[in-house]
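Chains, contacts and geometry: an overview
This is what each chain is made of:
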Amino acid sequence: MAEHPRGPVSRFHRYQGGDPLAPPIDLAEALDAIGEDVMAGYSPERALNEFLRRGGRDQLGLDDLARQVQGRRRDLLRKHNLGGTLHDIQKLLDHAVLEERKQLARDVDMDDTDRSFAEMRLENLPKSTSAAVNDLADYDWRSSGARADYQKIKDMLGQELLGQRFEGMKQTLQNVSDEDRQAVNEMLSDLNDLLDKHRRGEDSQEDFDEFMQKHGEYFPEQPQNIDELIDALAARSAAAQRMLNSMTAEQREELMNLSAQAFGSPQLMQSLAELDGNLQALRPGEDWSGSERFEGDGPLGLAEGAQVMADLADLDELADQLSQAYDGARIDDIDIDKLANQLGDEAAVDARTLRDLEKALRENNTFRRDSQGNLQLTPKAMRQLGQTLLKDIATRMSRRAGERDVRLAGAAGEASGATKPWEFGSTEPWDIPRSILNGVLRRASGGNGRSIELDDIEVSETESRTQAAVALLVDTSFSMAMDGRWVPMKRTALALHTLIRTRFRDDRLQLIGFSRHAQVMDIEELTGLDAMWDKGTNLHHAVLLANRYFRKNPDAQPVLLVVTDGEPTSHLEADGSVRFAYPPHPVTIAHTVDELDVSQRLGAQITIFRLGSDPGLARFVDGLARRVGGRVVAPELDDLGVAVVDSYLGSRAPRSGGQTNDVDGWFGRGGWFDGELYG
């Protein structure tokens, strides 16, 4: 009977992801946090790194993983000590001596002189374990059990010494035979010959392949070339050396004296010493001189101790990777496999999520490089940040109005109450009741039986609103940063900028920052502005720039919004120089008032947002607002964005006799400011 051909072969690997039902990576939360830090003065690169360090609401950050690494390291040192092998050898030796004494006592055929000599030799063994073991090397054991225990001591030393340097060797050599000892000695001899040949630069891949074909069972790591073999061996050999360095002087001396008895001859120790020398020469960068202080009660054997030392080295490497404190650090540097091995799969999933998050942020058009190579937020990222801020502002305004839904929409104009037939290109909203009624009337008069036709559709008629030219003047003096007003100011500017760019596109906005002097800024420049020690609050220069902007837009309604926390302390002279004086000089006040008078004559609606509770500032701003027919709002910092957006929307509301500035047309009846209203 012919055999059926083989079907497709399926290969299964360990699942490395997290919860398959978990939500996707939350880029919005990351972008909000990064934007907040950027507005606080961080560079985008640093802001990204800080978010990765902190993590998110449901996501561990690098610092959390680093704390877990340090906790694991601390637990290893507090749990263990390095006396395990010496302790086990002492127990075997005591048991062997006890069994031998029992055999001597019950052996009636033994010559009394020989019995007395054997008992005396056992009685006078040295107190040092290593010296006692070496002293009994030529002893003729009468008890088979005692002889087996003594042989276990020699085999244990060989297993432990090999287990230190070769992964899994201790388990492989559980029941050691003469053939096993010979095979190990042959492997070590061939390995040292290969390493010595490599040191001279005379080896080839064929030499390595031949060695692995002959002795590959001793290397579960399955290295593919000699460099991978050396890396694996050097890491374990260095760990064994650090363990030896961590022992007390007495423990080291005992171990070195015992090592000569490994497998019953000094050959193994000689081969291992040659191996260590080759590896130190080939990998001098490994830590061969380090040590640790173990404080626990759990004894470690040589093989287990070397593994713990290797674990500690891995933890130190992970701590360095997680710190990201070195030049050129990237989250891709984190060894996920090592992290899973040391902290478990959940930690690996968290690290992998952070890596994917960073990759998504860098590849999702969130950042860009400027001409100097510095990382910057893209316009897309700025829009996303602005939308988040607007959503927060809308929520706050809705809560103030009795939890009603506040929608910041309506750029197409105000509904007039009338409707008109739909035409191709119409952007007005459909009047659904009217359109359905048209369809019903058409069918009732014997028309087409379809529910609705294009000719049935009517849209709401809207009235175009007055275009606004908005100048937002923000105080960028150092006091704004000192008193925690820096980020709220930037958030407010970004929210207003986003609102106008996305909802009121016919309006125009100019951002003006003022400290010792004033300057027009784009939104990216303002949000990325660092706080600097710059004495002066030059409101005069800022209003002068705003008035120039209003004159360039004569067809638009001027709206002047000023955010400040201090009285004017500098002004612009006729020659362009800046004059500073504190307390405010009368000339500075006069220049500022004159320029605001110009704004009033240009028809600007003026609102001043006073931050802080300084009485002098309150009196000055109050009087200034009364003079120019403006108003003053004194919001809490958290409500600054709400106040500015509310004032802007109020400036666009339908007017009654040109006197009111009511926002009820936008949001319904109700007050919107926590602060005082003047003028």
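Residues numbered from 1 in each chain as written. Predicted model: local features only at pLDDT ≥ 70, side-chain atom pairs only at ≥ 80, totals over all residues. Heavy atoms only, no water.

1. Focus on the packing of aromatic side chains
Selection criterion: Any two rings among Phe, Tyr and Trp, with Trp reduced to its six-membered ring, count as a pair given centres within 6.5 Å; such a pair is stacked if its planes are under 30 degrees apart, edge-to-face if over 60, and tilted if neither. Strands here mean DSSP runs of E at least two residues long; helices mean DSSP runs of H or I at least four residues long; both are numbered from the N terminus. Partly exposed residues are those whose accessible area sits between 20% and 50% of the maximum for their type, while under 20% is buried and over 50% is exposed, using a 1.4 Å probe and protein chains only.
For the structure on display, the rule yields 5 aromatic pairs. The interplanar angle of 70 degrees and the centroid separation of 5.8 Å between the aromatic rings of Phe166 and Phe219 together place this pair among those described as edge-to-face. Taken together, the residues span a long stretch of sequence, with Phe166 in the loop between helix H7 (144-165) and helix H8 (169-172) and Phe219 in the loop between helix H10 (205-215) and helix H11 (226-246) at a distance of 53 residues. Across the pair, Phe219 and Phe166 agree in class, each one buried. One aromatic cluster is present, built from ring pairs that chain together Tyr139, Trp141 and Tyr150.

2. Things to note about the pairing of strand S9 (residues 518-521)
Side-chain direction in a regular strand flips from residue to residue, so the side chains alternate between the two faces of the sheet. Our working definition: Being paired, for any two strands, means DSSP has found at least two bridges between them.
The pairing of strand S8 (residues 508-514) with S9 spans 4 bridges and is classified as antiparallel. Across the sheet, residue Leu511 finds its bridge partner in S9, namely Met521. The hairpin formed by S8 and S9 contains 3 residues between the paired strands.

3. Some points on the nonpolar core
We count it as follows: In this text, buried Ala, Val, Leu, Ile, Met, Phe, Trp, Tyr and Cys residues form a nonpolar core when linked through side-chain atoms within 4.5 Å. In what follows, a contact means two residues having at least one pair of non-hydrogen atoms within 4.5 Å.
Ranked by size, the top nonpolar core spans 129 residues in total, and within it Leu162 and Phe166 carry the most contacts. Apart from the residues lying within four places of it in its own chain, the contact partners of Leu162 are Met169, Leu173, Val184, Leu188, Phe263, Leu268 and Leu272. Leu596, Val621, Ala625 and Val632 belong to the second largest nonpolar core, which has 28 residues in total.

4. Section: the environment of Gly301
With respect to the element layout, Gly301 can be found in the loop between strand S2 (298-299) and helix H14 (302-323). Residues Gly301 and Gly83, spaced 218 residues apart in sequence, show a C-alpha to C-alpha distance of 7.0 Å.

5. Quick word on the pairing of S8
Burial analysis of S8 places 5 of its 7 residues in the buried class, which makes it a mostly covered element. When strand S7 (residues 468-475) meets S8, the two strands line up parallel, connected through 7 bridges. Bridge assignment links Ala469 to a residue of S8, and that residue is Arg508.

6. Overview of the sheet that holds strand S14 (residues 631-633)
Here is the rule we go by: What counts as an axis is a line fitted to C-alpha atoms, over the stretch in contact for a helix, and the angles between N-to-C directions run from 0 to 180 degrees.
Pairing is mixed in the open sheet, where 6 strands are placed in the order S9-S8-S7-S10-S13-S14. Where the open sheet ends on each side, the last strands, each with one partner, are S9 and S14. Pairs of neighbouring strands in the sheet enclose a mean axial angle of 20 degrees, with direction left out of account. Here 7 bridges tie S7 to strand S10 (residues 557-564), and the two strands are oriented parallel to one another. Across the sheet, Val470 pairs through a bridge with Val559, a residue of S10. Sitting on the sheet, helix H20 (residues 486-502) touches S7, S8 and S10, and the angle it makes with S7 is about 170 degrees. On top of the sheet, helix H24 (residues 615-628) reaches strand S13 (605-610) and S14; it is set at about 175 degrees to S13, its chief contact.

Purely geometric stuff here, so don't read any function into it on its own.
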